[in-house]
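One letter stands for each residue in the lines below.
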Amino acid sequence: MKKQLKHTISHHDPVHDSAIKHVQGTTVYIDDMPAQTGELQAWLVTSPVAKGKIKSIETGEAQMIPGVHCIITAREIPGGNQMGPVFHDEPCLADGHVHCIGQAIALIAADTFEIAHHAASLVKLDIEPETPILTIDEAIQHNSRLQPERRIERGDPDGVLHSCKHVLHGQFHSGGQEHWYLETQICLAVPGENDEMTCYSGTQHPSETQAVVAEVLGIGRNQVVVETRRLGGAFGGKETQANHLAAWASLLAAKTRKPVRLRLTRDMDQSITGKRHRFQSDWKIGFDDDGHIQSYTVIFNADAGYASDLTMAILERAMLHAENAYFIPNIRIIGNTWKTNLPSNVAFRGFGQPQGLAVIENAIDMMARFLNKEPNDIRKINFYGIHDRNTAPYGATIKENRLALIHEKIIHSSEYISRKKLVDDFNNFNHDVKRGIALIPVKFGISFTTAFLNQAGALVHIYADGSVQVNHGGIEMGQGLNLKMLQVAAAELGVSIERIKITPTNTSKVPNTSATAASSGSDLNGMAVKNAMDQLKTRIKSIAPEILEELFPGKKVLPENVVIENDSIFDSTQKEVCCGFEEFCSKAYLKQTHLSAAGYYRTPDIWFDRPKGVGKPFHYYTYGMSVSEVEVNLLTGRVKLVRADLVEDAGDSINPMIDKGQVIGGFVQGLGWVTTEDIKWNKEGKLLNASPDTYKIPTISDVPVELNVELLENAYNDNTIRGSKAVGEPPFPMAVSAWLAIKYAIASIKNHKAEPMLSIPATNEEVVLAVQRMNEAAE
Ligand code: MTE
Ligand code: HPA
Ligand code: MOS
């Protein structure tokens, strides 16, 4: 079948600033930066056992290899041996004990990568192994808790469950996921005068990378500069873990006083870095004959891996999205985090939200089969209301609710009802191949749930030749942030984008920034850029009368009439009194005008009381829906996505082409999570599938044959940059509709009278097993 991409691309949207360079292969990533004079290459010595006591580390033989410059273990760290981003439970180099296979024990810098690699193999480790904890069940058995449980509760969930007409319950599993950014983790550390260190780091969070480097080197943050031009993908995997590479490279660079480059090979990257948190969740749902949900309880058990990293924030986001798009009067959400002897799990697109959403969507799917009703009807009657039934379990009001609107739209545009009939007809006439179709809604809260992180800065310079330089604290990782910032800067200042240059992100230009994460990169940095532009416009407007009156003798210009538009400054009441931007800037400079401004923004009016589990943690919500149709080969378990329809509320989109790209990319990445991406550890805690031949991410052939993507129209969002909405993560969980469609196809074997037992991911193997169970199930 021919692939149709029905969504239209407007040729008026400016294209991604790296688009042409990517196609030509001329984009410069950190590893493409030319070698520095005297540059050394680094490698790591990592733990071969999942848990154990380090008895000795012998580096003598490795030190003797010609070309080896230095080997560092925990003892040689001049500052604190710590790189935990929130809780200080993650040593930079293992000291005394190891907690997972792949944990860094020693660092080597050598003339070449090959020498460093060879030297690493000669470091002799004597580690006394201990029994590791490798599953959530084992962690629960041994009470290997990371932190005390967290809880959000409303109403009387137990009492109501007791009196409900129907109650269903179950345990739901969703697996981890490898980020598979194309550019692996990297840092080039260059020592400067005295203790100074400059890191070219592949990080989503330059300020934290700076802080961690300062910590391990035992110096002030003012001595460390972190610079990042762009990332070759990150997806949350570089929110904290890039700090590790920067810390390791900087330690070697500080010791040798030479530039040091540390980059991970693909299999090393995949083996030692953390993944999406797998979840095991126990749930109960109580409802009436019509399918009104009356009570829901869920206990999330998240596998943290060996250290905290961002696990508590990820769990929190799962808990804050446990009810997805539904008003549930009685609800209890419990969150547990468990320590295992695996690499510490980390942020990954969705940040817990997909894990939370999947549990309730699966429960609703089961309710529908149980009641023999159309699952969409059940979803619809439980959607949050507009004027009532509109408070979340944590007390916030669900405002600007666009669920019903999008639902109506997508039911129509996806031809859901008629296609479902065709799916059922297909299934009646086919024995070994079955089809399925499903819809899900997605509600996603926008803001860092750690309220103070919702701040950003920008630094804008207008030069005397009228060219403009914009620095902001966000990171370009392929999502188009720099292009959006360019568009915001141009629109806010009233000049063309050709006049503006966005520089690499640099901690000495904009300090104390937050990670580019939580989908809020353009929201936060966009507002900071706007704030800088507002300051500059005020200054331009105050000097404009003087300049314009000099150019047009006899004319009187009032500051309040001055307008900056289309690269010129003019009086709106007498438009001929006008000056081009270049000429104006050179004159303003001669008149000693300050043409530089630091912008700042913090999201107003958000808070969350963790112990009580109440608050207003989000600035706003985004809404989206998807319909997926799949075809499942019952004999091989192969799943083909026949068609997907995606509708996303991106507000008044700053760049619809970029945003549609995000919707498609997020959905397809989600597809990998729910179908083919399966992380396999052996009994010793070693990752078995650390390469693309055994770990299967989606490719172009997994993209649906027919893919329709629509951004909601007339969707201006109040109090955000140019009325837009965040779009980076929310489309990811839309792929759960494909997973539900697989369930539907399997359930058709028994005419939807029995419930398929399926977890995430529904790999070919899992599908075949689920089909077997279905064939054996009683109707
Ligand atoms: N898109 C691309 N191409 N590459 C990425 O690494 N990361 C995602 C999303 N889209 C990512 C991406 C994640 S996890 C987040 S949080 C957002 O982009 C971050 O960028 P934003 O806040 O500017 O949307
Ligand atoms: N998303 C991503 N990263 C974060 C968050 C979040 O909500 N909170 C802290 N770090
Ligand atoms: Mo995204 S997981 O918040 O980097």
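Please read all numbers here as calculations on a predicted model, not as lab measurements.

Undergrad: Residues and numbers for the site of ligand 1, please.
TA: Lining the immediate surroundings of ligand 1 are 18 residues, of which Ala234, Phe235, Met477, Gly521 and Gln662 lie closest. Between ligand 1 and Arg349, the relevant distance is 3.2 Å, taken from a nitrogen atom to a side-chain nitrogen or oxygen of the residue. Relative to its unbound accessible area of 520 Å², ligand 1 is 92% covered by the protein chains. A class-by-class count of the residues in the shell around ligand 1 yields 5 nonpolar, 11 polar and 2 charged.

Undergrad: So what about the sheet that holds strand β2 (residues 40–46)? Which residues, and what values?
TA: Spatial ordering of the open sheet is given by β4-β6-β2-β13-β10-β11-β12-β21, a layout of 8 strands whose pairing is mixed. A single partner strand is all that each edge strand has here, and the edge strands are β4 (68–73) and β21 (505–506). One ladder, built from 6 bridges, connects β2 with strand β6 (residues 104–110); its direction is antiparallel. Each residue of the ladder has a partner; that of Trp43, found in β6, is Ile108. Together, β11 (197–201), β12 (224–228) and β21 form the strand contacts of helix α6 (residues 206–217), whose direction differs from that of β12 by roughly 145°.

Undergrad: Run through the environment of Ile54, naming residues and quoting values.
TA: Topologically, Ile54 is positioned in strand β3 (residues 52–58). Between the alpha carbons of Ile54 and His431 there is a distance of 58 Å; along the sequence they are 377 residues apart. Residues in contact with Ile54, not counting those within four places in the same chain, are Ala94, Gly96, His97, Val98, Asp126 and Ile127.

Undergrad: Before we move on, could you go through the sheet that holds strand β18 (residues 455–462) and cite the residues and values that matter?
TA: Overall, mixed pairing links the 4 strands, which are arranged β20-β19-β18-β25 in an open sheet. The open sheet is flanked by β20 (500–502) and β25 (596–602), the only strands paired with a single partner. Along the sheet, successive strands turn relative to each other by an average axial angle of 20°, direction set aside. Alignment of strand β19 (residues 468–472) against β20, held across 3 bridges, turns out to be parallel. By the bridge assignment for β20, Val468 is matched with Ile500. Contacting β18, β19 and β20, helix α14 (residues 481–493) crosses the sheet at an angle of about 145° to β20.

Undergrad: Break down the pattern of salt bridges for me, with residues and values.
TA: Any two side chains of opposite charge can pair, so long as their charged atoms come close to each other. Throughout the structure, instances matching the rule amount to 49 salt bridges. The partner of Arg419 in a salt bridge is Asp645, with the nearest N and O atoms 3.6 Å apart. Remark: Asp645 occurs in strand β29 (residues 639–648) and Arg419 occurs in helix α13 (residues 416–429); sequence separation between them is 226 residues. Three or more residues joined by partner-sharing salt bridges are found here, namely Glu415, Arg419, Arg435, Glu629, Glu631, Arg643, Asp645 and Glu706.

Undergrad: Break down the site of ligand 2 for me, with residues and values.
TA: The full set of residues close to ligand 2 is Glu239, Ala313, Arg317, Phe351, Phe448, Thr449, Leu453, Ala517 and Ala518. In this structure, Glu239 approaches ligand 2 through a side-chain N or O atom, which is 2.8 Å from a nitrogen atom. Contact distances for ligand 2 include 3.0 Å between an oxygen atom and a side-chain N or O atom of Arg317. Across the complex, the protein chains shield 97% of the 260 Å² of accessible surface that ligand 2 would expose by itself. When the residues that make up the shell around ligand 2 are grouped by side-chain class, the tally is 6 nonpolar, 1 polar and 2 charged.

What counts, and where the lines are drawn
Residues numbered from 1 in each chain as written. Chains lettered and ligands numbered in written order. Predicted model: local features only at pLDDT ≥ 70, side-chain atom pairs only at ≥ 80, totals over all residues. Heavy atoms only, no water. Near = heavy atom within 4 Å. Polar contact = N/O pair within 3.5 Å; in protein donor to acceptor, adjacent residues only side chain to side chain. Areas by Shrake-Rupley, 256 points an atom, 1.4 Å probe, with all protein chains shown as cover. Nonpolar A, V, L, I, M, F, W, Y, C, P; charged D, E, K, R; others polar. Pairing = 2+ DSSP bridges. Helix = DSSP H or I, 4+ residues; strand = E, 2+ residues; numbered from the N terminus. Contact = heavy atoms within 4.5 Å. Axes fitted to C-alpha atoms, helices over the stretch in contact; angles between N-to-C directions. Salt bridge = Lys/Arg side-chain N within 4 Å of Asp/Glu carboxyl O.

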